[in-house]
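Spelled out from the first residue to the last, the chains are:
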Amino acid sequence: MNNFTFYSPTYFVFGKEAENRTGEMVKRFGGSKVLIHYGGGSVVRSGLLDRVKASLKSEGIDYTELGGVKPNPRSGLVYEGIDLCKKENVDMILAVGGGSTIDSSKAIAAGVLYDGDFWDFYCGKVIEEALPVGTILTIAAAGSEGSPDSVITREDDMMKRGATGDAIRPKFSILNPALTQTLPAFQTAAGITDIMAHLYERYLTNTKDVEVTDRLIEALLLTMKHEGPRVIKDPDDYEARANIMWAGMMAHNNSCGVGRSQDWNSHDIEHELSALYDCAHGAGLAVTMPAVFKYVMKHNIMRFAQVAVRVWGCSMDFEHPEVTALEGINAFSAFLTSLGMPSDFKGLGAKEEDIPVLVKNLCYGNGRDGKISGFVPLDTDDCTKIYQMMV
Ligand code: NZQ
Ligand code: ZN
């Protein structure tokens, strides 16, 4: 196991009607003037926004608001949010929504205290300072409610990139699984896929002897395998939603990723798809992961065979472990399809003729040097072949 530091300061409030404690949480973490940031309207329609405002009022907390965050959040609204916060002397950002809203909130929080262009953080500068962020989560997926990350798309060139820093880990996150019951089945399934991707991207490691995190990841993958079909069958199954929601947080706050190298090639390859076609991140991952895994499998057959046996119930073929490894990848892919996820370019609205653009943006965009590095370093030729496998 590698040396590591792990800082995970988020205060979680989990369960039914937890959003009614928003005012109490804002007060606890020192907010007096809050920016309520939200998306395209689901929180208005569900009545959540009104409940959040009532909770803030009951504690005498002042607020201003900015809606309109799009899935795959854009830089334009971040600049708007930064200006608004400065003008209104906001001292805390309250994200009410999914990963996109939380990521936009984190970008605003970092940008308000920074003299330069906030996009610097999305070119590799670590975020050292930010306004405090609190979240009220409405979809189990990105894990941004517990992560030090934010992913934003720059509108000028549709470059989708991530920024990181412990300063943007939320101070508190309110997780009420019942809030996710209004999600369309497709979004629920995309969320499940993203959670499983966060687990796989950590499982694919080159670090030896990481039994504890291997076993944690396997437990969470097994949980998703069990709860995913339940929640697709019955969207009002609170217990299944609760298990998925907490698994989504644990999958990405890095408690099961510490001390080991991680992959993230599938995420990088997918981000170009959601940047260009505006598809759901989880749906893009459902198409990307099987292709990437098949392409890199030979790098460490036993790792893929291990997850095939322990999670997907495959029998180990000791003579031909590559058969077991492939069986596990196919079982994972079939599982995602059974939830309603697409399995090829067509299902994402992606086009074969765009592959050169995707590869160029992926390997050279935003200062990259012609390759991406993860479990296996991939150059432009590798990435072209991987995208072709998805057609
Ligand atoms: O905008 P509204 O109207 O709220 O609708 C949203 C949106 O259309 C809807 N929705 C959310 N909760 C709902 C609901 N509809 C009905 N009922 C509810 N309870 O769902 C749609 C998707 O929302 P979004 O926030 O985009 O979803 P998600 O949480 O999957 O976030 C995706 C973004 O997170 C990034 C992705 O790249 C993508 O941009 N990621 C962020 C990470 C992080 N910060 O740590 C890590 C991830 O790997 C990921 O890259
Ligand atoms: Zn993801």
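Rules and cut-offs
Residues numbered from 1 in each chain as written. Chains lettered and ligands numbered in written order. Predicted model: local features only at pLDDT ≥ 70, side-chain atom pairs only at ≥ 80, totals over all residues. Heavy atoms only, no water. Donors = N, O, S within 2.8 Å, 3.2 Å for Na, K, Ca; no water. Helix = DSSP H or I, 4+ residues; strand = E, 2+ residues; numbered from the N terminus. Buried < 20%, exposed > 50% of the residue type's maximum accessible area, 1.4 Å probe, protein only. Axes fitted to C-alpha atoms, helices over the stretch in contact; angles between N-to-C directions. Parallel < 35°, antiparallel > 145°, perpendicular 65-115°, else oblique. Left-handed = near helix turned anticlockwise from the far one by under 90°. Contact = heavy atoms within 4.5 Å. Nonpolar A, V, L, I, M, F, W, Y, C, P; charged D, E, K, R; others polar. Near = heavy atom within 4 Å. Polar contact = N/O pair within 3.5 Å; in protein donor to acceptor, adjacent residues only side chain to side chain. Core = buried A, V, L, I, M, F, W, Y, C linked by side-chain atoms within 4.5 Å. Domains from an automatic or database assignment.

Each protein donor to the zinc ion (ligand 2) is listed here as D194 (OD), H198 (NE2), H267 (NE2) and H281 (NE2); together their distances run 2.0 to 2.2 Å. Ordering the donors of the zinc ion (ligand 2) by residue number gives the pattern D-x3-H-x68-H-x13-H. Note that H198 is positioned in helix 6 (residues 185–203) and H267 in helix 9 (residues 265–277), a separation of 69 residues in sequence. Here H198 and H267 have matching classes, each one buried.

Below, the discussion takes up the packing of helix 9 against helix 10 (residues 281–296). Put simply, helix 9 and helix 10 touch, their axes get as near as 9 Å, and they point 130 degrees apart. With respect to helix 10, the element helix 9 is oriented oblique. When you trace helix 9 past helix 10, the crossing you get is right-handed. Judged by residue contacts, S266, H267, I269, E270, H271 and L273 of helix 9 engage H281, G284, L285, T288, M289, V292 and F293 from helix 10. Split into classes, the residues belonging to the contact of helix 9 with helix 10 amount to six nonpolar, six polar and one charged.

In the vicinity of ligand 1 lie 31 residues, with G40, S42, G99, S100 and H198 positioned nearest. One of the side-chain nitrogen or oxygen atoms of H198 is found 2.7 Å away from an oxygen atom of ligand 1. Those elements that provide at least two residues to the shell around ligand 1 are helix 5 (99–112), strand 6 (149–154), helix 6 and helix 9. Partitioned by chemical class, the residues of the shell around ligand 1 number eight nonpolar, 19 polar and four charged.

What follows concerns the nonpolar core. Side chains of nonpolar character tend, in soluble globular proteins, to be buried together. Judged by nonpolar contacts, the single largest core of 71 residues is most densely connected at L273 and Y387. Residue contributions to this core reach at least three from each of two domains, namely domain 1 (11–179) and domain 2 (185–390). Contact partners of L273, with chain neighbours within four places excluded, come to D278, C279, G284, T288, F345, L348, A350, L358, Y387 and M390. In this structure, L77, A107, F118 and V133 belong to the second largest nonpolar core, which totals 28 residues.

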